[in-house]
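Structural overview for review
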Amino acid sequence: MGVTYLLWVGFLAYGLWAAHRLDAPWWWASALSAPLTHIGAFAFLAPLPWILPRRMAPPWRFILGFVLSLVTCETAAVLLPLFDGWLLAKGGVHFSLGKVINLYTSLVGPGMMIVGGLIAARAHSEERREASEAEAQIAKNRLLQSQIHPHVLFNALNGLAELVHKDAKAAERAIRHLSDLLRNLLQASEHVRLPLREERKVVADYLALEAIRLGPRLRVTWEWDPALDAFEVPPLLLQPLVENAIKHGIAPSVPGGDLVLRARLEGGAVLLEVWNSGMPFKEAVAGGGIGVKNLRSRLSLHFGSDATLTIGPSGQGTLACIRLEATQVECWHETVENPGRR
């Protein structure tokens with residue numbers, strides 16, 4: 001890009017020196033305008049003919065790009081010196097531009113074609129890299145979500161096995177809830193993110209299943225801000241924590257225990273909390289399960305270090321808290337992040 005600018009200034013200086021007009025004020029106008037016209041032509045104009053047909057299949061993409069680039073760059077190679085010559089003519093400086101135009105069309109025009117092709121190729125490569133990274137992230141996310149599904153169903157079926165021999169009618173109701181839970185799990189696996197209200201439905205189905213098995217031993221309280229229902233989060237954030245709370249905190253206790261689920265906004269962050277009474281907090285139990293490890297991986301994949309999961313003692317029980325930046329999950333309009341349906 002700078003070569004054409006220096007080339008033009010060199011020709012200009014030589015022509016004015018030969019005409020003894022180096023003191024012409026329009027010499028400076030031409031010299032100052034050249035970076036905008038010459039360098040701008042390379043930076044912005046040259047890549048366009050190669051970028052426009054990028055959605056076409058090869059080899060037509062290359063053929064059409066070459067033809068468009070040839071016409072555009074050769075036209076620019078004629079117009080660039082004519083424009084600067086026009087500036088000089090307004091100042092009363094006249095000299096033949098024929099040789100300059102011939103040199104531009106044979107040197108600058110092909111140079112613009114090559115530079116434009118390289119810029120367009122780099123941009124295309126960057127687009128493909130970003131698309132590949134996005135696809136890899138989606139694939140990794142779905143792999144992590146797929147690990148949760150059999151884990152949830154395995155535990156649910158174990159609970160059903162207990163009911164079959166104790167209460168056949170309760171087992172029948174549990175199977176219907178399990179069917180609803182399975183349907184929601186399958187729907188969740190098709191999405192990268194879902195509104196928080198859908199997360200609540202999955203947890204409600206799971207709790208209905210557990211309520212049949214545990215009966216009055218499981219006491220659930222919802223402290224849920226409905227204003228957060230439209231916020232979009234990765235699927236199955238709360239279910240592993242709810243399962244953990246019941247399995248390690250409430251089920252082992254003969255009188256059972258309390259389970260509190262909260263969704264609230266605090267200081268620009270969305271807090272999703274699961275508190276349970278019962279067995280005291282144990283680091284090895286809370287941090288070492290499949291569901292919790294999977295959850296940490298998915299939070300890191302989606303939000304990096306901006307999302308946190310903490311599990312620790314709280315009062316007479318254990319509190320698990322997911323903290324998300326509201327700006328990362330807030331949805332200004334009702335959409336579902338599903339590439340196949342957008």
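In case you missed it, the structure is sitting above this.
The paragraphs below set out a description of the structure included in this document. Remember, predicted model here, so these are calculated numbers, not experimental data.

Take the packing of aromatic side chains next. Counted under the stated rule, the structure contains 3 aromatic pairs. When the ring of W222 is compared with that of W224, the centres are 5.6 Å apart and the planes differ by 65 degrees; the resulting orientation is edge-to-face. Given a relative accessible area of 10%, W224 falls into the buried group. By the ring-pair criterion, three or more aromatic residues cluster together here, those being W50, F62 and F66. Above the ring of W222, the side-chain terminus of R200 is found at 4.6 Å from the ring centroid.

Before going further, it helps to examine helix α8 (residues 239–250). Buried residues dominate α8, accounting for 10 of its 12 residues. Among all positions in α8, only Q239, P240, L241, V242, E243, N244, A245, I246, G249 and I250 are buried.

Attention now moves to the nonpolar core. One finds V242, L259, L272, L299, I322 and L324 to be the most contacted residues of the largest nonpolar core, which totals 45 residues. Sort the elements by how many residues they give to this core and helix α7 (residues 196–214) lands first, with 8 residues. Apart from residues lying up to four places away in sequence, L259 is in contact with L207, L218, R219, V220, T221, V242, A245, I246, I250, V274, W275 and N276. With 9 residues, the next largest nonpolar core counts A77, L80, V108 and M112 among its residues.

Now for unusual backbone geometry. Positive phi is not limited to glycine here, since L236 has a value of about 60 degrees. The residue L236 is located in the loop between β3 (232–233) and α8 in this model.

Attention now moves to the sheet that holds strand β2 (residues 218–224). Ordered by their spatial adjacency, 5 strands build an open sheet running β2-β4-β5-β7-β6, and the pairing between neighbours is mixed. Both outer strands of the open sheet, β2 and β6 (308–314), are each paired with one neighbouring strand and no more. Recorded for the sheet is a direction-independent mean angle of 15 degrees between the axes of neighbouring strands. Pairing analysis gives 9 bridges linking strand β5 (residues 269–277) to strand β7 (residues 317–325), with the strands arranged antiparallel. Each bridged residue has a counterpart across the sheet, and for V274 the counterpart in β7 is A320. Together, β2, β4 (257–266) and β5 form the strand contacts of α7, whose direction differs from that of β2 by roughly 165 degrees. Most of the contacts of α8 go to β5, to which it runs at about 20 degrees, and overall it touches β2, β4, β5, β6 and β7.

Right, let's get into the pattern of salt bridges. Under the criterion given, the structure shown has 7 salt bridges. For R219, the salt bridge goes to D258, with nearest N and O atoms at 3.0 Å. Pair noted here: R219 is in strand β2 and D258 is in strand β4, with a separation of 39 residues, a long-range link. Overall, R219 belongs to the partly exposed group, its relative accessible area being 37%. Judged by relative accessible area, which is 32%, D258 ranks as partly exposed. For E223, the salt bridge goes to R262, with nearest N and O atoms at 2.7 Å. Taken together, the positions of E223 in strand β2 and R262 in strand β4 put the pair 39 residues apart, joining distant regions of the chain. One connected set of salt bridges, linked through shared partners, spans E223, R262, R264, E266 and E273.

Calculation notes
Residues numbered from 1 in each chain as written. Predicted model: local features only at pLDDT ≥ 70, side-chain atom pairs only at ≥ 80, totals over all residues. Heavy atoms only, no water. Phe/Tyr/Trp six-rings, centres within 6.5 Å; stacked < 30°, edge-to-face > 60°. Buried < 20%, exposed > 50% of the residue type's maximum accessible area, 1.4 Å probe, protein only. Lys NZ or Arg CZ within 6 Å of the ring centre and 35° of its normal. Helix = DSSP H or I, 4+ residues; strand = E, 2+ residues; numbered from the N terminus. Core = buried A, V, L, I, M, F, W, Y, C linked by side-chain atoms within 4.5 Å. Contact = heavy atoms within 4.5 Å. Pairing = 2+ DSSP bridges. Axes fitted to C-alpha atoms, helices over the stretch in contact; angles between N-to-C directions. Salt bridge = Lys/Arg side-chain N within 4 Å of Asp/Glu carboxyl O.

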